[in-house]
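Listed here are the chains, written in short residue letters.
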Amino acid sequence: MNIEYHITKTNILLDGRRFYTYGIAAVDKTSAKTQIKIIDVSLDESFVQGVTDLLNSAKVELCHFAEVVDDELNR
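Residues numbered from 1 in each chain as written. Predicted model: local features only at pLDDT ≥ 70, side-chain atom pairs only at ≥ 80, totals over all residues. Heavy atoms only, no water.

Asker: I tried to follow the sheet that holds strand 1 (residues 3-14) on my own but got confused; where do I start?
Answerer: What links the strands of a sheet is backbone hydrogen bonding, and the strands pair in either a parallel or an antiparallel sense. A sheet is described by the order of its strands in space; here three strands give the open sequence 1-2-3, paired in antiparallel fashion. In this open sheet, the two strands that pair with only one neighbour each are strand 1 and strand 3 (33-42). Mean inter-strand twist for the sheet, computed between neighbouring axes without regard to direction, equals 25°. As paired strands, strand 2 (residues 17-28) and strand 3 are joined by six bridges and run antiparallel to one another. Note on strand 3: the bridge partner recorded for Tyr22 is Ser42. Each of strand 1, strand 2 and strand 3 touches helix 1 (residues 45-57); the most contacted strand, strand 1, lies at about 160° to it. (Pairing = 2+ DSSP bridges. Helix = DSSP H or I, 4+ residues; strand = E, 2+ residues; numbered from the N terminus. Axes fitted to C-alpha atoms, helices over the stretch in contact; angles between N-to-C directions. Contact = heavy atoms within 4.5 Å.)

Structural data, given as structure tokens:
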């Protein structure tokens, strides 16, 4: 499978306040279908973009996607 990772943005309402949380979607480049996504990685868009860039540059296989995200969150 030919996977490309994209940043996602979700609007959430918590205690009457609006926030944006950023996640990552794994998209099959052949079919353009999302295979899996992690909706809430961080409120920090630049951090999530960095993780997304790492996933794409390293050509991380789908089976390692969640593990790599978890590793980056625990740095």
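Asker: Explain the layout of surface pockets here, please?
Answerer: To find leftover empty space, one rolls a probe the size of a water molecule over the atoms. In this structure, the largest pocket encloses a volume near 170 Å³. As for the largest pocket, its lining consists of Met1, Asn2, Ile3, Glu4, Tyr5, Lys29, Leu55, Asn56, Lys59, Val60, Glu61 and Leu62. Mapped by element, the contributors of at least two residues to the lining of the largest pocket are strand 1 and helix 1. Looking at which element gives the most residues to the lining of the largest pocket, the answer is strand 1, with three residues. Counted by class, the lining of the largest pocket contains six nonpolar, two polar and four charged residues. (1 Å grid on protein atoms, 1.4 Å probe; cavity = no way out; pocket = protein on both sides within 12 Å on 5 of 7 lines; lining within 4 Å. Points joined across faces, edges and corners; volume = space filled by probe spheres on them. Nonpolar A, V, L, I, M, F, W, Y, C, P; charged D, E, K, R; others polar.)

Asker: Where do I start with the side chain of Ser42 in this structure?
Answerer: Its location among the elements puts Ser42 in strand 3. Judged by relative accessible area, Ser42 falls into the buried class, the value being 16%. A polar contact of 2.9 Å, which involves the side chain of Ser42, links it to the backbone nitrogen of Asp44. Leave out the neighbours within four places in its chain, and Ser42 touches Thr21, Tyr22, Phe47 and Val48. (Buried < 20%, exposed > 50% of the residue type's maximum accessible area, 1.4 Å probe, protein only. Polar contact = N/O pair within 3.5 Å; in protein donor to acceptor, adjacent residues only side chain to side chain.)

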